[in-house]
Amino acid sequence: MVSNIKKIGVFTSGGDSPGMNAAIRSVVRTCAYLKVDCVGIYRGYQGMIEGDFKPMDARSVNNIINKGGTILKSARCKEFRTKEGRKKAYEQLKSEGIDAFVVIGGDGSFTGAMIFNQEFNFPVIGIPGTIDNDIFGTTFTLGFDTALNTIVEAIDKIRDTASSHNRLFFVEVMGRDVGHLALNAGVGAGAEEILIPEENLGRERLLESLKRSKRSGKSSSIVIVAEGDKTGKNIFELKDYVEENFPDYDVRVSVLGHMQRGGAPSCYDRVFASRMGVRAVEALLEGKTNLMVGTIANELILTPIDIAIKGHTKIDKELIRVSDIMTI
Ligand code: F6P
């Protein structure tokens with residue numbers, strides 16, 4: 001591969017997601033394999049602005065494939081949203097001799113990379129790292145699979161209490177404005193109802209469904225609520241509403257929170273991260289830029305970053321139907 005790129009920076013940005021370390025490892029080792037220097041940039045765009053860099057070789061990423069979080073740390077950086085901040089970052093990259101970078105993050109991180117590319121003609125490739133699965137151009141984002149497994153494990157435990165005490169549990173899961181985590185975890189955990197922002201069917205219908213399932217012989221229930229769902233003002237208000245209108249159940253709320261982002265990545269995420277890291281470095285050396293690596297039908301593909309950010313991911317209607325059938 002003949003390329004002008006001699007040194008590649010890699011960093012993680014925005015909310016961490018399981019598998020980010022495996023992606024860093026892959027980028028670093030692919031650089032070593034292809035004899036390109038690699039530099040880790042700490043704390044995302046903030047570290048880029050401050051010149052927080054560290055050269056990385058193949059051995060510097062030993063024993064991280066199985067670790068959650070990100071060894072390079074992550075941050076959401078306000079200064080990078082300003083032209084001045086981006087200029088500082090550019091100067092730091094140039095003085096370190098970095099010719100291109102791989103950003104591992106979500107839509108906010110990609111927006112920053114795209115603007116940076118346009119302003120400085122700087123080669124960038126994105127790896128979609130977020131548990132939310134809200135990026136277009138890839139069936140899955142890195143960390144989604146692990147987060148689903150974490151959520152399902154947590155709900156299995158909550159189910160023990162729900163069924164021992166004949167309780168109704170509202171469980172809030174992450175996902176920002178989208179319901180992919182909620183829908184998939186809901187089907188995987190056998191939830192009675194799944195409330196997602198993409199399908200607001202109203203509180204009355206929820207009540208009817210809970211009453212119906214009670215009549216059909218269920219003594220406990222789990223309702224998964226995506227954090228972006230608007231069926232109630234919030235999950236606690238929804239609980240109050242159900243308690244007032246359907247006193248048969250003892251109702252509890254469980255907000256799973258940031259535990260959903262932690263933990264060792266699943267095998268799927270480790271393999272996925274390894275594949276994307278290789279492709280990201282290769283793409284840069286092929287002269288490609290402003291693209292995101294993703295997977296569709298298990299094939300790696302490159303999508304322009306602006307499309308990845310702006311395109312809307314669609315909720316899986318077939319899965320909604322499956323869930324409806326399973327909750328008969
Ligand atoms: O984007 C990942 C995510 O975990 C969302 O699901 C959630 O809304 C948000 O980040 C939480 O962000 P923070 O860690 O800044 O509270």
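Cut-offs used in this document
- Residues numbered from 1 in each chain as written.
- Predicted model: local features only at pLDDT ≥ 70, side-chain atom pairs only at ≥ 80, totals over all residues.
- Heavy atoms only, no water.
- 1 Å grid on protein atoms, 1.4 Å probe; cavity = no way out; pocket = protein on both sides within 12 Å on 5 of 7 lines; lining within 4 Å.
- Points joined across faces, edges and corners; volume = space filled by probe spheres on them.
- Helix = DSSP H or I, 4+ residues; strand = E, 2+ residues; numbered from the N terminus.
- Nonpolar A, V, L, I, M, F, W, Y, C, P; charged D, E, K, R; others polar.
- Domains from an automatic or database assignment.
- Buried < 20%, exposed > 50% of the residue type's maximum accessible area, 1.4 Å probe, protein only.
- Polar contact = N/O pair within 3.5 Å; in protein donor to acceptor, adjacent residues only side chain to side chain.
- Contact = heavy atoms within 4.5 Å.
- Arc of directions from axis to C-beta.
- Near = heavy atom within 4 Å.
- Areas by Shrake-Rupley, 256 points an atom, 1.4 Å probe, with all protein chains shown as cover.
- Pairing = 2+ DSSP bridges.
- Axes fitted to C-alpha atoms, helices over the stretch in contact; angles between N-to-C directions.
- Buried area = accessible area lost by both parts, 1.4 Å probe.
- Salt bridge = Lys/Arg side-chain N within 4 Å of Asp/Glu carboxyl O.
- Core = buried A, V, L, I, M, F, W, Y, C linked by side-chain atoms within 4.5 Å.

Turning our attention to the layout of surface pockets. Its boundaries defined by the atoms lining it, the largest pocket holds a volume of some 570 Å³. Lining the largest pocket are 29 residues, with Gly14, Arg76, Asp107, Gly108 and Ser109 positioned closest to its centre. Among the elements that line the lining of the largest pocket, the one with the most residues is helix H4 (residues 107–120), at 6 residues. For the lining of the largest pocket, the class distribution of residues is 7 nonpolar, 12 polar and 10 charged. Here the lining of the largest pocket gathers at least three residues from each of two domains, domain 1 (7–143 + 265–310) and domain 2 (147–261).

Attention now goes to the environment of glutamate 318. Here glutamate 318 shows up in helix H11 (residues 317–326). Between the alpha carbons of glutamate 318 and phenylalanine 116 there is a distance of 39 Å; along the sequence they are 202 residues apart.

A separate point is the side chain of serine 213. Examined against the element boundaries, serine 213 turns out to sit in helix H7 (residues 203–215). Under the relative-accessibility criterion, serine 213 is labelled buried at 5%. Engagement of the side chain of serine 213 in a polar contact is seen with the backbone oxygen of leucine 210, the distance being 3.1 Å. The residues contacting serine 213, other than those within four sequence positions of it, are Glu192, Lys218 and Ser221.

Attention shifts here to helix H8 (residues 235–245). The periodicity of an α-helix, 3.6 residues per turn, causes residues three or four positions apart to be oriented the same way. Every buried residue of H8 is accounted for by Ile235, Leu238, Lys239, Tyr241 and Val242. The arc that holds every buried residue of H8, seen down its axis, measures 160 degrees, which confines them to one face. Its side-chain oxygen 2.9 Å from the backbone nitrogen of phenylalanine 236, asparagine 234 forms the N-cap of H8.

For the ligand, the full set of nearby residues is Arg76, Thr130, Asp132, Met174, Gly175, Arg176, Glu227, His258 and Arg261. A distance of 2.8 Å is found between an oxygen atom of the ligand and a side-chain nitrogen or oxygen belonging to arginine 261. For the ligand, the protein covers 74% of the area, taking 400 Å² as the surface of the free molecule. Per-class residue counts for the shell around the ligand are 1 nonpolar, 3 polar and 5 charged. The residue makeup of the shell around the ligand includes at least three contributed by each of domain 1 (7–143 + 265–310) and domain 2 (147–261).

To continue, consider the sheet that holds strand S9 (residues 250–255). With respect to topology, 4 strands assemble into an open sheet ordered S7-S8-S6-S9, the strand pairing being parallel. Two strands bound the open sheet, and with one partner strand each, they are strand S7 (193–195) and S9. Along the sheet, successive strands turn relative to each other by an average axial angle of 20 degrees, direction set aside. Here 6 bridges tie strand S6 (residues 167–173) to S9, and the two strands are oriented parallel to one another. Residue leucine 168 lies in a different strand from S9, and its bridge partner there is valine 251. Strands S6, S7, strand S8 (221–226) and S9 of the sheet are contacted by H8, whose axis makes an angle of about 170 degrees with S9.

By a frequent convention, interface size equals the accessible area lost on bringing the separate parts together. Along its sequence, the protein is organised into domain 1 (7–143 + 265–310) and domain 2 (147–261). Of note, the centres of domain 1 and domain 2, computed from C-alpha atoms alone, are 35 Å apart. Among the residues of domain 1 in contact with domain 2, Asp16, Ile131 and Asp132 are the three that bury the most area, contributing 54% of the side total. Applying the counting criterion to the domain 1 and domain 2 interface returns 2 salt bridges. A salt bridge links arginine 261 to aspartate 16; the shortest N-O distance between them is 2.8 Å.

Counting 33 residues, the largest nonpolar core has Ile8, Val10, Val27, Val102, Ile104 and Ile127 as its most contacted members. Every element with two or more residues in this core is listed here: strand S1 (7–12), helix H1 (20–33), strand S4 (100–105), strand S5 (124–128), helix H9 (267–285) and strand S10 (291–296). Looking at which element gives the most residues to this core, the answer is H9, with 8 residues. Contact partners of isoleucine 8, with chain neighbours within four places excluded, come to Cys31, Val36, Asp37, Cys38, Val39, Ile98, Ala100, Phe101, Val102, Val281, Leu284 and Leu285. Within the second largest apolar cluster, 29 residues are counted, among which are Ala147, Ala162, Ala189 and Ala226.

Turning our attention to the sheet that holds strand S2 (residues 37–41). Ordered by their spatial adjacency, 7 strands build an open sheet running S3-S2-S1-S4-S5-S10-S11, and the pairing between neighbours is mixed. Taken across any chain shown, the strands that pair with only one partner, and hence form the sheet edges, are strand S3 (53–55) and strand S11 (299–304). Put simply, the sheet's adjacent strands are angled 30 degrees from each other on average, direction ignored. Here S10 pairs with S11 via 6 bridges, running antiparallel. Across the sheet, residue valine 293 finds its bridge partner in S11, namely leucine 302.

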